Amino acid sequence: MLGELLNPYYLQVLCFILINIMLALSIYVPLSSGQLSLGSAGFMGIGAYTSALLTIHYELPLYVTILVGALLAGVIGIIVGIPSLRLTGVYLAIATLGFGEVIRVLFVNWESLTKGSVGLTGIPQLGRELLKFAKSIGIEPSALGLKNNQFVYLSLVIVLLIIVLFILWFVIRQQNSRIGRAYSSIQMDEKAAESMGINITYYKVLAFAQGAFIAGLAGALFAHTIGYISPSDFSYHRAVEILIFTVFGGSEVIIGSVFGATILTLLPEVLRFVSDYRYIFYGIMLVILMAVRPQGILDLYLFYRLKGKRIKRGTS
Amino acid sequence: MVLEVKNITKRFGGITALKNISFTIQQGEIYGLIGPNGAGKTTMFNCITNIVEPTEGEIFFNGEKITKLKPYKITEKGICRTYQNIRLFPQMTALQNVMVGGHSRISAGVFRSVIRTKSQKQEEKLLKEKSEELLELVGLGQLKDQFAENLAYGQQRRLEIARALASNPTLLLLDEPAAGMNETETDNLFDLIKKIQSMGITVLIIEHDMSLVMRLCDRITVLNFGEKLAEGTPDEIQNNEAVIEAYLGKEEEETIA
């Protein structure tokens, strides 16, 4: 019965939604401290390649390699974050976009390690590893009324969902604390924040590195979800796509990223009936949205109203 | 002695904004800094908080040299300021704005904030209570959940004072707090600053409203074109010929015009 409903195709779309939510959050976190970083695709690539290479060459367990990939992305985030401190707004966006390209070109040209633009194949899939694990402890998918490949995707969805929920929990709690107040104050007025006793260097690098870590984690999970990666997965295109998730959903509130990533991952799938024209619809929708609601679909004021507080949107 | 400003000079390119300025502020005083527009008053504030670094000279706070410290470190030491052109965090509520001011008085890092340890919850609760008290003090208790950008001008000015007070300063710098206020609001501001003084906080104030300055301040320094013109009690300043000529006389002409 359950088996009938669990179409592997739907489950795979769900996996991509969850990974894209992580990627949207990787932009949201630095943005909440006023830094528009487009480096997410680059950090995602670092996480993906690191984890993939470690599993292919050293056969380490996936939970180790995924974590190493994310941590490496986080550390590189700190290294990139410090010189980027002098940059704000669109200049930071351009610099981080440049960083992403450097990483991509590195993947293309470091052929001995990355196999160049051909990409890496045969990356162990997280779902299959979970299936192996389940079988080793004596759980047969058939006992749950599932086919093997349904189990593979279902377990993957569950693992990704847990990770996404954890990140959301972490970010939301952080936001409602001393750290989150420091981030927002830097976003709204850096100079005033500094004279309120906030070490802006520390918090900006922290936010940047957190974004890089989340992107690296998403990248590693991406590699082990599809099992094949190439440098073009982490190109400029991807960086812009991730940005659109956040901007479309509304970059003022965390739920905007979740919403944007979900809708925009589903949309091309739903629009399959118009086949080749679907990206035209996608584009038109974005243009309309930016004209009508530049702050994104969900914003802070909507959020407060939903919580039952009466607040009007100001002039600014 | 709370603050000692010693031979401060600030040059921006070829322009000398401050020329060899010295003055000292005693514990518990309300000290006025006045002078015509462009005299270098706000630059003096920026030098004290090290938002701009003085070209020459030194500043001591409670005997400790603070000239090279980062602005956030200076706030930690106990100096906090407001801005001439209001710089609140517009899309934060009044309460959140004040709580940001208390940043340096609590300590939770990422880990403690996310786990919400007992000590973190405790310090958040205390900060919230204190911030609400400060909002009451400046008369914004009812408006604590409003976004700062939706407050009226005079309310925003008072919110900035509450935010600065949340950092537990021993020296509060107020940059034209009465600008744009009507008479009633100015009177309320007078009472508020007196209350702040009675809390044991030393106040350094830049203000153009002469009647307020003369009523409020214990001592005053007058700046003109980056130079110190006079220093003394309000009575002395009012009777100082150089000041009358450079500043008060000019103010009267403006009033007639």
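Owing to the predicted nature of the structure, the values given are computational and were not obtained by experimental measurement.

Q: What exactly am I supposed to notice about the domain arrangement of chain B here?
A: Much of the literature gives interface size as the accessible area that the parts lose upon coming together. All names here are of chain B. As assigned here, chain B comprises domain 1 (1–78 + 169–257) and domain 2 (90–166). For domain 1 and domain 2, the distance between their C-alpha centroids amounts to 27 Å. Listed as interface residues are eleven residues of domain 1 and, on the opposing side, nine residues of domain 2. The element best represented in the side of domain 1 that touches domain 2 is helix α7 (residues 183–198), accounting for three residues. Within the side of domain 1 that touches domain 2, the residues separate by chemical class into six nonpolar, two polar and three charged.

Q: I'm lost on the interface of chain A and chain B in this one. Help?
A: Each partner contributes residues to the interface: chain A has 26 residues there, and chain B has 32 residues. Elements with a minimum of two residues in the side of chain A that touches chain B: α8 (148–175), α9 (178–188) and α10 (190–195) of chain A. Broken down by element, the residue count for the side of chain A that touches chain B peaks at seven residues, all from α9 of chain A. Split into classes, the residues belonging to the side of chain A that touches chain B amount to nine nonpolar, nine polar and eight charged.

Q: Which parts of the structure should I look at to understand the pairing of strand β2 (residues 15–25) of chain B?
A: Looking along a regular strand, one sees the side chains alternate between the two faces of the sheet. Residue and element names in this part refer to chain B. Judged from the seven bridges that link them, strand β1 (residues 3–12) and β2 form a sheet pairing that is antiparallel. Paired with Arg11 across the strands is Thr16, a residue of β2. Taking the residues that link successive antiparallel strands as the turn, the β1-β2 hairpin has two residues, and the phi of Gly13 there is positive, at about 60°.

Q: Is there a simple way to think about helix α5 (residues 89–109) of chain A in this case?
A: In an α-helix, one full turn covers 3.6 residues, which means residues spaced three or four apart are oriented alike. Residues and elements named next belong to chain A. The end-to-end C-alpha distance of α5, which contains 21 residues, comes to 31 Å, matching closely the 30 Å that a straight helix rising 1.5 Å per residue would cover. Buried residues of α5: Leu92, Thr96, Phe99, Gly100, Ile103, Arg104 and Phe107, and no others. Seen from one end, α5 has its buried residues packed into an arc of 135°, which puts them on one side. Facing away from the buried side of α5 by more than 90 degrees, the exposed set consists of Val90, Tyr91, Val102, Val105 and Asn109.

Q: What is the right way to look at the UniProt feature "transmembrane region" (unreviewed entry) in chain A in this model?
A: Residues and elements named next belong to chain A. Those residues carrying the UniProt feature "transmembrane region" (unreviewed entry) are residues 6–29, 36–56, 62–82, 89–107, 151–172, 205–230, 242–267 and 279–304 in this numbering. In residues 36–56, helix accounts for 81% and strand for 0%; the two terminal C-alpha atoms are 34 Å from one another. Segment residues 62–82 splits into 100% helix and 0% strand. End C-alpha atoms: 30 Å apart.

Q: Just checking my understanding: could you explain the pairing of β1 of chain B for this structure?
A: Bridge count between β1 of chain B and strand β4 (residues 56–61) of chain B: five bridges; the pairing is antiparallel. Pairing of Glu4 of chain B across the sheet is with Phe60 of chain B, part of β4 of chain B.

Q: Any chance you could explain the packing of helix α2 (residues 8–32) of chain A against helix α13 (residues 254–270) of chain A here in plain terms?
A: Each packed pair of helices is defined by two parameters, the angle between the axes and the distance between the axes. Residue and element names in this part refer to chain A. As a packed pair, α2 and α13 sit with axes 8 Å apart at the nearest point and diverge in direction by 140°. One element, α2, and the other, α13, form an angle in the oblique class. You can see that α2 and α13 cross each other, and the crossing is right-handed. Every residue of α13 that contacts α2 at Val13, Phe16, Ile17, Asn20, Ile21, Ala24, Leu25 and Tyr28 is listed here: Ile254, Ser257, Val258, Gly260, Ala261, Thr262, Thr265, Leu266 and Glu269.

Q: Help me out: how do you make sense of the nonpolar core in this one?
A: One broad rule of soluble globular proteins: the nonpolar side chains tend to lie buried together. Within the largest apolar cluster, 156 residues are counted, with the highest numbers of intra-cluster contacts made by Met22 and Ala218 of chain A together with Ala162 and Val203 of chain B. Among the elements that take part in this core, helix α11 (residues 200–226) of chain A stands out by supplying 16 residues, more than any other. Formed jointly, this core draws a minimum of three residues from each of two domains, domain 1 (1–78 + 169–257) and domain 2 (90–166) of chain B. Contact partners of Ala218 of chain A, with chain neighbours within four places excluded, come to Ile19, Met22, Leu23, Ser26, Met44 and Gly47 of chain A.

Q: Can you walk me through the sheet that holds strand β5 (residues 64–65) of chain B in this structure?
A: Whenever strands of a sheet pair, they do so through backbone hydrogen bonds, lying parallel or antiparallel. Residues and elements named next belong to chain B. Pairing within the open sheet is antiparallel, and its four strands lie in the order β2-β1-β4-β5. In the strand order of this sheet, the two ends are held by β2 and β5, each with one partner. Direction of pairing for β4 relative to β5: antiparallel, over a ladder of two bridges. From the neighbouring strand, Phe60 faces β5, where its bridge partner is Lys65. Here helix α1 (residues 41–48) sits on the sheet and contacts β1, β2 and β4; the angle it forms with β2, its principal contact strand, is near 65°.

Q: For this particular structure, what's the right way to read the sheet that holds strand β3 (residues 30–34) of chain B?
A: Residue and element names in this part refer to chain B. Strand order in this open sheet of six strands is β6-β7-β8-β3-β9-β10, and the pairing throughout is mixed. What marks the edges here is a single partner per strand, and that holds for β6 (79–81) and β10 (227–232). Across the sheet, the mean angle from the axis of one strand to that of its neighbour is 15°, orientation sign disregarded. Pairing between β3 and strand β9 (residues 219–224): four bridges, direction parallel. Counterpart to Leu33 in the pairing with β9 is Thr221. Where α1 meets the sheet, it contacts β3, β6, β7 (171–175), β8 (202–206) and β9, and its direction lies at approximately 150° from that of β7. Strands β3, β7 and β8 of the sheet are contacted by α7, whose axis makes an angle of about 150° with β8.

Q: Which parts of the structure should I look at to understand the environment of Asn199 of chain A?
A: All names here are of chain A. Relative to the elements of secondary structure, Asn199 occurs in the loop between α10 and α11. Judged by C-beta crowding, with 21 C-beta atoms within 10 Å, Asn199 ranks as buried. Separated by 42 residues in sequence, Asn199 and Glu241 have C-alpha atoms that sit 32 Å apart.

Q: Which parts of the structure should I look at to understand the confidence of the model for chain A?
A: Atom-level detail of predicted coordinates should not be read off regions where pLDDT is low. In this model, chain A carries an average pLDDT of 89, and 95% of its residues clear a pLDDT of 70 or more. α11 of chain A holds the highest mean pLDDT among the elements of chain A, 96, whereas helix α1 (residues 2–5) of chain A holds the lowest, 64.

Q: How should I be thinking about the environment of Ile242 of chain A in this particular structure?
A: Residues and elements named next belong to chain A. Along the chain, the position of Ile242 falls in helix α12 (residues 236–249). Counting along the chain gives 59 residues from Ile242 to Tyr183, while the straight-line C-alpha distance between them is 21 Å. When sequence neighbours within four positions are dropped, the list of residues in contact with Ile242 reads Leu23, Ala24, Ile27, Ser40 and Ala41.

Q: Help me understand the environment of Cys217 of chain B in this model?
A: All names here are of chain B. Turning to its location among the elements, Cys217 is positioned in the loop between α8 (210–216) and β9. Note on Cys217: 23 C-beta atoms within 10 Å, which makes it buried. Distance in space between the C-alpha atoms of Cys217 and Leu204 is 9.0 Å, their sequence separation being 13 residues. The contact partners of Cys217, leaving out residues within four places of it in the chain, are Ile30, Tyr31, Gly32, Ile205 and Pro234.

Quick notes on the rules
- Residues numbered from 1 in each chain as written.
- Chains lettered and ligands numbered in written order.
- Predicted model: local features only at pLDDT ≥ 70, side-chain atom pairs only at ≥ 80, totals over all residues.
- Domains from an automatic or database assignment.
- Contact = placed C-beta atoms within 7 Å.
- Helix = DSSP H or I, 4+ residues; strand = E, 2+ residues; numbered from the N terminus.
- Nonpolar A, V, L, I, M, F, W, Y, C, P; charged D, E, K, R; others polar.
- Pairing = 2+ DSSP bridges.
- Expected span 1.5 Å × (residues − 1).
- Buried ≥ 20, exposed ≤ 12 C-beta atoms within 10 Å, placed from the backbone.
- Arc of directions from axis to C-beta.
- UniProt positions renumbered as here; feature names shortened; annotations may be inferred.
- Axes fitted to C-alpha atoms, helices over the stretch in contact; angles between N-to-C directions.
- Parallel < 35°, antiparallel > 145°, perpendicular 65-115°, else oblique.
- Left-handed = near helix turned anticlockwise from the far one by under 90°.
- Core = buried A, V, L, I, M, F, W, Y, C linked by C-beta atoms within 7 Å.
- pLDDT = per-residue confidence, 0-100.

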